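Here are the chains, one letter per residue:
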Amino acid sequence: MLNKRSIVAWVMALLVAFLASCGSPTPPPTYSDAQLQKIELSASGIQALRDRMDELESLIQQGEWVNVRTFIHGPLGDLRSKTTYLTQSLLLPKDKTPVLDAAKEIFEDLEDIDVAAAEGDKKQALSEYKEAVADFDTFLALVPKNS
């Protein structure tokens, strides 16, 4: 037979468990000002590469295929490491996936421009260039900013 103490102990344990489950949820993690500054610094390097995309368009328009490929592998060659650092080291888990997906789209577009340049296909290279610029802008829009 159960005594009063064991019944009271069980009731208290259930009450504590119930109250703990009714507690307010922990707020989702947010960025500190220092983290946002690091993100903005990293994003500024990526923005600088985005700002140079007009040079790539000019090379495509002129049909300078060797220079197009050199530009993709040269100045834009740092893009992958810069975006990887930003997404893997600075962003919160909830923000990583969409930003990483946008970065992958940029890389695919640049690879397609490279293939079009190797084939001398100006129309395809320009089409892929426009997609790359749009994906670049999407990437930069997804990066958290200090409000």
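Residues numbered from 1 in each chain as written. Predicted model: local features only at pLDDT ≥ 70, side-chain atom pairs only at ≥ 80, totals over all residues. Heavy atoms only, no water.

Caption draft 1: Broad picture of the environment of Leu91. Mapped onto the elements, Leu91 comes out in the loop between α5 (79–90) and α6 (93–119). Sequence separation of Leu91 and Gln35 is 56 residues, and the distance between their C-alpha atoms is 8.6 Å. In contact with Leu91, not counting residues within four places along its chain, are Tyr31, Ile39, Leu86, Lys96, Val99 and Pro144. (Helix = DSSP H or I, 4+ residues; strand = E, 2+ residues; numbered from the N terminus. Contact = heavy atoms within 4.5 Å.)

Caption draft 2: Up close: a negative patch on the surface. A grouping of Asp101, Glu105, Glu108, Asp112 and Glu131 is seen on the molecular surface, where their side chains present a negatively charged patch. No other element matches the four residues that α6 contributes to the negative patch. (Patch = residues over 30% accessible without salt bridge, like charges linked within 9 Å, V, L, I, M, F, W, Y side chains within 5 Å. Areas by Shrake-Rupley, 256 points an atom, 1.4 Å probe, with all protein chains shown as cover. Salt bridge = Lys/Arg side-chain N within 4 Å of Asp/Glu carboxyl O. Lys, Arg positive; Asp, Glu negative; His and termini not counted. Charge placed at Lys NZ, Arg CZ, Asp CG, Glu CD.)

Caption draft 3: Up close: the packing of helix α3 (residues 53–62) against helix α4 (residues 65–73). For the pair α3 and α4, interaxial distance at closest approach is 8 Å and the crossing angle is 160°. In terms of orientation, α3 and α4 fall into the roughly antiparallel class. The crossing of α3 and α4 is left-handed. Contact with α3, carried on its side by Glu55, Leu56, Leu59 and Ile60, involves Trp65, Asn67, Val68, Phe71 and Ile72 of α4 and no other residues of that element. For the contact of α3 with α4, the class distribution of residues is seven nonpolar, one polar and one charged. (Axes fitted to C-alpha atoms, helices over the stretch in contact; angles between N-to-C directions. Parallel < 35°, antiparallel > 145°, perpendicular 65-115°, else oblique. Left-handed = near helix turned anticlockwise from the far one by under 90°. Nonpolar A, V, L, I, M, F, W, Y, C, P; charged D, E, K, R; others polar.)

Caption draft 4: Structural detail: the packing of α6 against helix α7 (residues 122–142). α7 packs onto α6 with a crossing angle of 160° between their chain directions and a minimal axis gap of 8 Å. Classified by the angle between their axes, α6 and α7 sit roughly antiparallel to one another. α6 and α7 meet at a crossing whose hand is left-handed. Judged by residue contacts, Pro98, Val99, Ala102, Ala103, Glu105, Ile106, Asp109, Asp112, Ile113 and Ala116 of α6 engage Gln124, Ala125, Glu128, Tyr129, Glu131, Ala132, Asp135, Phe136, Thr138, Phe139 and Leu142 from α7.

Caption draft 5: Spatial organisation of the side chain of Ser42. With respect to the helices and strands, the residue Ser42 is situated in helix α2 (residues 33–51). Not counting the four nearest positions on each side in its chain, Ser42 is found in contact with Lys82, Tyr85, Leu86 and Leu90.

Caption draft 6: Structural context of α3. When we look at burial in α3, the residues that qualify are Met53, Leu56, Leu59 and Ile60. In an axial view of α3, the angular spread of the buried residues amounts to 115°, which keeps them on one side of the axis. As for α3, its buried residues are in contact with α2, α4, α6 and α7. Looking one or two places after α3, you find Gly63, whose phi comes out positive at around 70°. (Buried < 20%, exposed > 50% of the residue type's maximum accessible area, 1.4 Å probe, protein only. Arc of directions from axis to C-beta.)

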